Amino acid sequence: MNFQDALDYSSIELKSSSNQQRQKSEQLISKRSSLLPPSTSIRRHASLAVDNPSQQLTARKGSSSKRGSVAMEQIKKIDLDEVYSVFKQLGTGRFGYVKLAEHKQSKANIAIKFFPRPQIKQSDFVREYNFSFFLSAHANIIDTYDGMFQTNDDSAFFFVQEFCPHASLREAVEASPGGIGETAVKEILSKVLSAVEFMHNENLVHRNLKAENILIFDKTNYSRVKITDFGLTRKIDSTVKYLEYVTSYHAPELCETVVNEVLTVKYSIDVWALAIIFYYCLKGRFPWQKATIMCKPYWEWEQWLKRKSPSLPKRWDAFSDKSLKLFKKCFTPKAKDRWSVKDMRKLIVKEKLLKQPKSENADEYVYYPEETSKSDKKVDESKAPKKRSLIQQWINTTLNTMAEISEQVVSARDE
Ligand SMILES: Nc1ncnc2c1ncn2[C@@H]1O[C@H](COP(=O)(O)OP(=O)(O)OP(=O)(O)O)[C@@H](O)[C@H]1O
């Protein structure tokens with residue numbers, strides 16, 4: 001079996017045509033991966049990855065034992081240029097950068113994820129490697145090859161992954177500003193949800209699901225789609241510090257940044273991010289910048305959800321009733337009431353997602369001012385008092401919140 005065969009082999013498991021085979025593969029995978037490592041474990045047979053990635057990948061897929069030693073030990077040093085020809089940068093993030101490289105011996109293209117030292121702690125690198133390696137058993141999770149290394153000059157830790165020759169979901173959506181369409185969404189999301197469901201079954205929460213971390217290997221029919229980046233992955237119910245930044249993917253409970261406080265990790269964090277990805281793929285934009293009442297589109301959604309506002313904002317118009325049901329169940333501020341990934345998958349696979357094919361003008365906003373034609377004006381005038389009162393409500397709520405915050409700041413200062 002050559003390297004490419006080994007890669008293909010890795011993706012056969014959940015892609016077999018019959019359901020029976022698929023169930024069998026799922027059982028096999030879940031049996032193998034119930035041996036997830038403790039967060040600081042280290043594997044001992046690191047040199048294999050450098051010698052021959054195809055052999056070690058095949059070995060890993062066939063291996064029944066995956067748990068390594070728990071002790072921290074010296075990570076093997078490698079002369080990078082001896083083993084790999086390192087080419088262009090594929091991407092960069094907060095924790096490191098990913099480069100395209102060729103494994104000299106097998107001539108296979110691979111991706112190397114670097115973690116610069118001393119900024120990145122060894123324990124963080126080891127944890128990410130372990131999660132990445134052990135989760136690779138799933139067909140919709142990036143393959144990580146066996147072995148943790150550091151460069152000879154001590155400048156970085158690194159591990160090796162399969163290379164995705166195409167772009168991430170983010171680039172795919174950016175290339176289709178009105179959304180990538182219902183068929184593509186079903187294909188992509190069913191695979192992403194299958195991968196996340198697998199993680200949740202293993203009591204793990206990804207915590208960094210976003211379009212950039214969904215890699216598309218096949219742009220024509222989206223048959224190979226994989227999730228990546230397990231740097232923030234944690235066990236369910238573990239406690240973590242609040243992140244220092246907030247993005248459009250973050251649930252409301254993550255946006256209430258409280259300095260020095262900790263947060264308990266829950267599956268509902270992933271569920272919220274997946275619903276954002278679902279919206280983003282279908283519409284080509286995010287529903288809001290941040291899930292806080294200071295952000296008007298989010299505030300409007302919450303008002304509608306709490307039945308304080310009778311009308312759903314226009315930007316939700318294109319979605320079918322079933323999609324709206326999904327949003328109601330996933331975009332609820334009460335984290336414990338949110339749907340599971342399994343519920344999401346069932347609905348997305350089975351149901352109609354959009355009301356009708358998107359027309360160019362169907363989309364209102366989020367960040368653009370709305371243009372009203374003369375014929376629309378009549379209708380708008382009749383609705384004007386309601387709209388004004390909603391805006392007034394929003395202003396009042398925002399002002400009240402700001403007043404509360406400044407009171408807290410003043411009392412904290414006085415103390
Ligand atoms: N195997 C791969 N093949 C091709 N491109 C990749 C691969 N792995 C990562 N990338 C690209 O590199 C980017 C950064 O990788 P990754 O998300 O793993 O880094 P990170 O530092 O953990 O990022 P973040 O700040 O999001 O946590 C990805 O968004 C993706 O576009």
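Predicted, not measured: the structure shown is a model, and the values here were computed from it.

Draft legend 1. Highlighting the overall build of the protein. On a plain count of helices and strands, the protein comes out with 14 helices and 12 strands. With 415 residues in all, the protein has 50% of them scored as buried. Pairs at least 24 apart in sequence give 70% of the contacts found in the protein among residues at least 6 apart. Roughly 20900 Å² of accessible area belongs to the protein as shown, and the carbon and sulfur atoms make up 50% of that amount.

Draft legend 2. Quick look at unusual backbone geometry. For the bond from Arg117 to Pro118, the omega torsion is 5°, close enough to zero to count as cis. Considering the arrangement of structural elements, one finds Pro118 in the loop between β4 (108-116) and α6 (122-135). With a phi close to 65°, Asn203 is a non-glycine residue in the positive phi region. Along the polypeptide, Asn203 turns up in the loop between α8 (182-201) and β7 (204-205). Under the relative-accessibility criterion, Asn203 is labelled partly exposed at 41%. Positive phi, normally seen in glycine, also occurs at Asp237, with a value near 70°.

Draft legend 3. Examining the nonpolar core more closely. In this structure, Leu169, Ile188, Ile227, Trp288, Leu326 and Phe327 are the most contacted members of the largest nonpolar core, which totals 67 residues. Residue contributions to this core peak at 12 residues, all from helix α10 (residues 267-283). In this view, Leu326 contacts Ala275, Phe278, Trp339, Met344, Leu347 and Ile348; residues no more than four positions away in its chain are not counted. Counting 13 residues, the second largest nonpolar core, distinct from the first, contains Tyr84, Ala101, Phe114 and Tyr145.

Draft legend 4. Structural context of the layout of surface pockets. Its volume calculated, the second largest pocket comes out at about 740 Å³. Taken together, 30 residues make up the lining of the second largest pocket; nearest its centre are Leu90, Gly91, Thr92, Val98 and Glu212. Those elements that place two or more of their residues in the lining of the second largest pocket are β2 (84-92), β3 (97-103), β4 and β6 (156-162). Among the elements that take part in the lining of the second largest pocket, β2 stands out by supplying five residues, more than any other. In terms of residue class, the lining of the second largest pocket is built from 11 nonpolar, 11 polar and eight charged.

Draft legend 5. Inspection of the UniProt feature "binding site: ATP" (unreviewed entry) in the protein at higher detail. Within the UniProt annotation, "binding site: ATP" (unreviewed entry) is assigned to Lys113. With sequence-adjacent residues up to four places away left out, Lys113 is seen in contact with Tyr97, Val98, Glu128, Phe157, Phe158, Phe159 and Asp229.

Draft legend 6. Structural context of the site of the ligand. Neighbouring residues of the ligand: 20 residues in total, closest Arg94, Lys113, Glu162, Lys210 and Asp229. The separation between a nitrogen atom of the ligand and a polar main-chain atom of Cys164 is 3.0 Å. Between the ligand and the protein, one listed contact pairs an oxygen atom with a backbone N or O atom of Glu212 at 3.0 Å. A total of 620 Å² of accessible area belongs to the ligand in isolation, and the protein chains cover 93% of it. The site holding the ligand turns out to be the second largest pocket. Within the residue set of the shell around the ligand, elements represented by two or more residues are β2 and β4.

Draft legend 7. Representation of the side chain of Asp270 within the structure. Its place among the elements puts Asp270 in helix α10. An unpaired buried charge is present at Asp270: no salt bridge exists, and Arg207, the closest side chain of opposite charge, is 7.3 Å distant. Polar side-chain contacts of Asp270 include one of 2.8 Å to the side chain of His200. With near-sequence residues (within four places) excluded, Asp270 lies in contact with Val196, His200, Val205, His206, Arg207 and Leu209.

Draft legend 8. Spotlight on the packing of α10 against helix α13 (residues 341-350). Packing of α10 against α13 brings their axes to within 10 Å, and their N-to-C directions diverge by 20°. Comparing their axes, α13 and α10 come out roughly parallel. Relative to α13, the crossing made by α10 is right-handed. Contact residues: Val271, Leu274, Ala275 and Phe278 in α10; Val341, Met344 and Ile348 in α13. Of the residues in the contact of α10 with α13, the class split is seven nonpolar, no polar and no charged.

Draft legend 9. Summary view of the side chain of Arg234. Within the secondary structure layout, Arg234 lies in strand β10 (residues 234-235). Buried within the structure, Arg234 lacks any salt-bridge partner; Asp124 is the closest side chain of opposite charge, at an N-O distance of 5.0 Å. A distance of 3.4 Å separates the side chain of Arg234 from the backbone oxygen of Gly231, its partner in a polar contact. With near-sequence residues (within four places) excluded, Arg234 lies in contact with Arg127, Asn203, Leu204, Val205, Arg207, Val240 and Val265.

Definitions and cut-offs
- Residues numbered from 1 in each chain as written.
- Predicted model: local features only at pLDDT ≥ 70, side-chain atom pairs only at ≥ 80, totals over all residues.
- Heavy atoms only, no water.
- Helix = DSSP H or I, 4+ residues; strand = E, 2+ residues; numbered from the N terminus.
- Buried < 20%, exposed > 50% of the residue type's maximum accessible area, 1.4 Å probe, protein only.
- Contact = heavy atoms within 4.5 Å.
- Areas by Shrake-Rupley, 256 points an atom, 1.4 Å probe, with all protein chains shown as cover.
- Core = buried A, V, L, I, M, F, W, Y, C linked by side-chain atoms within 4.5 Å.
- 1 Å grid on protein atoms, 1.4 Å probe; cavity = no way out; pocket = protein on both sides within 12 Å on 5 of 7 lines; lining within 4 Å.
- Points joined across faces, edges and corners; volume = space filled by probe spheres on them.
- Nonpolar A, V, L, I, M, F, W, Y, C, P; charged D, E, K, R; others polar.
- UniProt positions renumbered as here; feature names shortened; annotations may be inferred.
- Near = heavy atom within 4 Å.
- Polar contact = N/O pair within 3.5 Å; in protein donor to acceptor, adjacent residues only side chain to side chain.
- Sits in = over half its atoms within 2 Å of the grid points.
- Lys, Arg positive; Asp, Glu negative; His and termini not counted.
- Salt bridge = Lys/Arg side-chain N within 4 Å of Asp/Glu carboxyl O.
- Axes fitted to C-alpha atoms, helices over the stretch in contact; angles between N-to-C directions.
- Parallel < 35°, antiparallel > 145°, perpendicular 65-115°, else oblique.
- Left-handed = near helix turned anticlockwise from the far one by under 90°.

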